[in-house]
Amino acid sequence: MNLLPVTTRVVDAHADGALTRIIVSGGPALAGATMTDRLADFNARHDAWRRALTGAPRSAPGTRAAVVTEAERPASLAGVLLFDGAGPAAIGPDSLSAIIAVIAALAHLGRVRPGRVQLDTPHGVVDAEFAIDGTVRVAGEDRTGRGHILFDGSMITEPDDPLGWGAPEATPQAAASGAVGGD
């Protein structure tokens, strides 16, 4: 069966000594109107993406991953799901560098201008301030940082290549629906 490859745009950003690999387009199609619903769908159907983004051989230990989605709330710029090698990451002191990296990546793409930025997450809204010099200050936290873009490019994955995105081997039913390797 000849299935079309999936093109995914990924930006790698480094903030506070941590690498965050961010899917900015072409990622998995997530069901749900809320970020909580999208996270549940990601965990149920798309964990291979998390493993591929945070695991060997493509990533170093400690790499975080983020998936940028449509915003849940009208005032927000985007929705963000955060992951590490073990699974979903909650918004907290350990994940703020990933939020800074996501905002830096969105600025790199021309989606953020200096000023207030809101991101929707399954744990609520994250408020931040993006400065013209690239500095990001996360509201309510004593955290300011800058994200540095390391890579911006497209990855082409073949749906029938189970190692392409860490997906399990295709069953005939999954291959027929195109469900392997990211959809």
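Residues numbered from 1 in each chain as written. Predicted model: local features only at pLDDT ≥ 70, side-chain atom pairs only at ≥ 80, totals over all residues. Heavy atoms only, no water.

**A closer look at the overall build of the protein**
This is how the line gets drawn: Secondary structure elements are taken from DSSP: a helix is a run of H or I of four residues or more, a strand is a run of E of two residues or more, and numbering for both begins at the N terminus. Burial here depends on accessible area, computed with a 1.4 Å probe over protein chains only, as a share of the maximum for the residue type. Under 20% is buried, over 50% is exposed, and the range in between is partly exposed. Contact between two residues is taken to exist if any of their heavy atoms lie within 4.5 Å; hydrogens are not considered. All accessible-area figures derive from a Shrake-Rupley calculation using a 1.4 Å probe, and residue coverage is judged against the displayed protein chains alone.
Counting secondary structure elements, the protein contains 4 helices and 9 strands. The secondary structure elements of the protein, listed N-terminal to C-terminal, are β-β-α-α-β-β-β-α-β-β-β-β-α. The proportion of buried residues among the 183 residues of the protein is 47%. Excluding contacts between residues fewer than 6 apart, the proportion of contacts in the protein whose partners are at least 24 apart in sequence is 58%. Of the accessible surface of the protein, which amounts to about 8700 Å², a share of 53% is contributed by carbon and sulfur atoms.

**With respect to the packing of helix α1 (residues 35–45) against helix α2 (residues 47–54)**
The cut-off we apply is this: Comment: axis = line fitted to C-alpha atoms, over the contacting stretch for helices; angle = value between 0 and 180 degrees taken between N-to-C directions. Note that the term roughly parallel is reserved for angles under 35 degrees, roughly antiparallel for angles over 145, roughly perpendicular for angles of 65 to 115, and oblique for everything else. Think of it as three bins: nonpolar holds Ala, Val, Leu, Ile, Met, Phe, Trp, Tyr, Cys and Pro, charged holds Asp, Glu, Lys and Arg, and polar takes everything else, Gly as well.
α2 packs onto α1 with a crossing angle of 80 degrees between their chain directions and a minimal axis gap of 5 Å. In terms of axis orientation, α1 runs roughly perpendicular to α2. Every residue of α2 that contacts α1 at F42, N43 and R45 is listed here: D47, W49 and R50. Among the residues forming the contact of α1 with α2, the class breakdown is 2 nonpolar, 1 polar and 3 charged.

**Observations regarding the confidence of the model for the protein**
Applicable threshold: Residue-level confidence of the predictor is what pLDDT reports, using numbers from 0 through 100.
Per-residue pLDDT for the protein averages 83, and the proportion of residues at 70 or more is 81%. Averaged pLDDT values for the elements of the protein fall to 38 in helix α4 (residues 172–177) and rise to 97 in strand β6 (residues 115–121). Every residue in residues 165–183 scores below 50 in pLDDT, and together they form 42 contacts with partners more than four places removed in sequence or on other chains.

**Here's the deal with the nonpolar core**
The line we're drawing: By nonpolar core we mean a set of buried residues, namely Ala, Val, Leu, Ile, Met, Phe, Trp, Tyr and Cys, connected to one another through side-chain atoms within 4.5 Å.
Core analysis: the largest hydrophobic core is formed by 28 residues, its most contacted members being I22, V68, L82, I99, V102, I103 and L119. Breaking this core down by element, the ones donating at least two residues are β1 (6–15), β2 (18–25), β3 (64–69), β4 (78–84), α3 (96–108), β6, β7 (124–130) and β8 (135–138). For this core, the element with the most residues is α3, which contributes 9 residues. In terms of nonpolar packing, the next biggest core, distinct from the first, is built from 11 residues, I23, M35, L81 and F83 among them.

**Side note on the pairing of β8**
Where a strand is regular, its side chains alternate between the two sheet faces. Threshold: Only when DSSP finds a minimum of two bridges between them are two strands counted as paired.
Here β7 runs beside β8; their pairing, made up of 3 bridges, is antiparallel. Bridge pairing in β8 places F130 opposite V136.

**Overview of the packing of aromatic side chains**
Operational definition: Only the six-membered ring of Trp is used, alongside the rings of Phe and Tyr, when aromatic pairs are assigned; centres must lie within 6.5 Å, and planes under 30 degrees apart are stacked while those over 60 apart are edge-to-face, with the rest tilted.
This model, assessed by the stated rule, comprises 1 aromatic pair. Seen in terms of ring centroids, F42 and F83 are 4.3 Å apart; in terms of plane orientation they differ by 25 degrees. Their pairing is stacked. Here F42 is found in helix α1, whereas its partner F83 is found in strand β4, with 41 residues between them in sequence. Overall, F83 belongs to the buried group, its relative accessible area being 1%.

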